[in-house]
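Residue-level listing of the chains:
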Amino acid sequence: MIDSLPVVDAPAPADIPADPLSLLEALEGPVAWRVRGRDRTRVRVVTTLRHGNEPSGFLAMQEWLRSGPAPAVDVVCVIANVEAASRHPVFTHRMVPGRPDLNRCFLGPFEGVEGELARAILDLVEELKPEALVDLHNNTGHNPVYGVGVEPTPEVLGLCSIFGLRFIWSHLTLGALLEAVSVCPAVTIEVGKSGEESANVAALEGLTRFVEAERLFDPDLRAADGVAIHDPERVRVLRMPMRAMLEPGRRLVMATVPHDDADLTMPDDLDRHNFDVVEKGSRIGWVRGEGCPLRLLDEHGEDRADEYFERRGDELVVRQPFTPIMITVDAEVAAADCLFYIVHAVENGAAS
Ligand SMILES: [Zn+2]
């Protein structure tokens, strides 16, 4: 039973193992570590390992804690789903098998291990009243660094810009941490594909800028590496209204040539097109059987596949240009959850 997540002092740099697996193994459960800053009256929160198979944020935290950190303000590092991450093989389980996804538990009912932990994290954030919160995640496919949030305010876009210049304005109600945090500007950052060095580097660089900046929302401030700390106007805001899913009972295969026993074959390098515009007339796959095996559900749950895709013989062809993100090329994940999301660029409210 998890009643609360007490904040304790972070281990000294010399006590942080050089091997991240040793650090993970030394953790008995979720932790909230405080690193004292120059200005002790303010605090920022970084959360990671909400998903056990998304280690970049954890690796960045380990590296940063080992470096002898001297943050501008107090920083509280929350390492959440240690249990899922520690399951062998480590860093391969999104959640503990058979149990809920922690990042779907933040809107209640706060029951079970994941629900109680979600409640404890929310209580902690409310008590700390941080000036900002950043939640670090990885994708399963190739994506550039981008932020996700529920409202593109200048503060949220500014936080996003510390890591990258793309922001997904999500309207989905999933029960993610970000949907439940209201005490401070907060953003989820997807730093790239799990296991890729570029994702680990992006997490560490962004984390370092976030914790070392004297002031987060100052347009004149630059990080040591020259990146602007608050640059909301340059962030490209994309609205995420639709998710592409496979029709129930249909079979999906990811391959470069059409498969005889698949209802839908999609190219296995499709994730190279994340955030690109897919032009009208492009072929996005091959189809067998009747009709279109793809559904495109908008935020009202209506299927709009006919507006975007059409059959031309065995090919599935694009009817109007769209920008896909979070394309997954793992056929099992795609069939169970979602193949990709479609986004539209919107006017950036922070731009003057
Ligand atoms: Zn995640």
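Described in the following lines is the structure provided in the data block.

Each value, and the rule that gives it
Residues numbered from 1 in each chain as written. Predicted model: local features only at pLDDT ≥ 70, side-chain atom pairs only at ≥ 80, totals over all residues. Heavy atoms only, no water. Salt bridge = Lys/Arg side-chain N within 4 Å of Asp/Glu carboxyl O. Helix = DSSP H or I, 4+ residues; strand = E, 2+ residues; numbered from the N terminus. Buried < 20%, exposed > 50% of the residue type's maximum accessible area, 1.4 Å probe, protein only. Contact = heavy atoms within 4.5 Å. Pairing = 2+ DSSP bridges. Expected span 1.5 Å × (residues − 1). Phe/Tyr/Trp six-rings, centres within 6.5 Å; stacked < 30°, edge-to-face > 60°. Axes fitted to C-alpha atoms, helices over the stretch in contact; angles between N-to-C directions. Parallel < 35°, antiparallel > 145°, perpendicular 65-115°, else oblique. Nonpolar A, V, L, I, M, F, W, Y, C, P; charged D, E, K, R; others polar. Right-handed = clockwise from strand over helix to strand, strands pointing away.

Remarks on the pattern of salt bridges
Item 1. Counted according to the given criterion, the structure contains 25 salt bridges.
Item 2. With a shortest N-O distance of 2.5 Å, R50 and D135 are connected by a salt bridge. Linking R50 in the loop between β3 (39-48) and α2 (56-66) with D135 in strand β5 (residues 132-139), this pair joins segments that are 85 residues apart in sequence.
Item 3. Residue classification places R50 among the buried positions, given a relative accessible area of 0%.
Item 4. Of the residues examined, D135 reaches a relative accessible area of 0% and is grouped as buried.
Item 5. Where D261 meets R251, a salt bridge forms, and the shortest distance between an N and an O atom there is 3.3 Å. With D261 in the loop between β10 (252-254) and β11 (264-266) and R251 in the loop between β9 (236-246) and β10, the pair connects residues that are 10 residues apart, well separated along the chain.
Item 6. Judged by relative accessible area, R251 falls into the partly exposed class, the value being 40%.
Item 7. Salt bridges linked by common partners bring D39, R42, R44 and E131 together as one network.

Considerations on the environment of P130
Item 1. Within the secondary structure layout, P130 lies in the loop between α4 (112-128) and β5.
Item 2. P130 sits in the buried class, given a relative accessible area of 4%.
Item 3. Spatially, the C-alpha atom of P130 lies 20 Å from that of L107, the residues being 23 residues apart in sequence.
Item 4. For P130, the residues in contact, after removing those within four places along its chain, are V43, R44, V45, V125, V183 and C184.

Digging into the pairing of β5
For a regular strand, side chains alternate in direction, first toward one face of the sheet and then toward the other.
Item 1. Among the 8 residues that make up β5, 8 are buried, leaving the element largely enclosed by the rest of the structure.
Item 2. Residues of β5 alternate between two faces, with A132, V134, L136 and N138 on one and L133, D135, H137 and N139 on the opposite face, all of them buried.
Item 3. Note: β5 against strand β8 (residues 186-193), 6 bridges, orientation parallel. Residue pairing for β8: L133 is matched across the bridge by A186.

Observations concerning α4
Item 1. Given a rise of 1.5 Å per residue, 17 residues ought to cover 24 Å, and the 24 Å separating the end C-alpha atoms of α4 matches this to within 8%.
Item 2. Buried within α4 are the following residues: E114, G115, E116, L117, A118, A120, I121, L122, L124, V125 and L128.
Item 3. Phi for K129, located one or two positions after α4, is positive at around 45°.

Structural notes on the packing of aromatic side chains
Item 1. Counted under the stated rule, the structure contains 5 aromatic pairs.
Item 2. With a centroid separation of 6.0 Å and 5° between ring planes, the pair formed by F322 and F340 is classed as stacked. Here F322, found in the loop between β15 (315-318) and β16 (323-325), pairs with F340, found in strand β17 (residues 340-345); they are 18 residues apart in sequence, far enough to count as distant.
Item 3. For F340, a relative accessible area of 3% puts it in the buried group.

So, the packing of helix α5 (residues 154-163) against helix α7 (residues 197-212)
Item 1. Their axes nearest at 8 Å, the elements α5 and α7 cross at an angle of 130°. On the basis of their axis angle, the class for α5 and α7 is oblique. Contact residues: L159, I162 and F163 in α5; A202, A203, G206, L207, R209 and F210 in α7.
Item 2. Residues of the contact of α5 with α7, tallied by class, amount to 7 nonpolar, 1 polar and 1 charged.

Considerations on unusual backbone geometry
Item 1. Look at the link from H88 to P89: it is a cis peptide, with omega at -10°.
Item 2. Tracing the backbone shows P89 in the loop between α3 (82-86) and α4.
Item 3. Each neighbour pair has its own omega, and for G108 with P109 the value is -5°, a cis peptide bond.
Item 4. Secondary-structure assignment places P109 in the loop between α3 and α4.

Quick notes on the pairing of β3
Item 1. Inspection of the sheet shows β3 paired to strand β4 (residues 73-79) by 7 bridges, in the parallel sense. Within β4, the position partnered with T48 by the bridge is I79.
Item 2. What joins β3 to β4 is α2, and the crossover it makes is right-handed.
Item 3. When β3 meets β5, the two strands line up parallel, connected through 4 bridges. Looking at the pairing, V45 lines up with L133 of β5.

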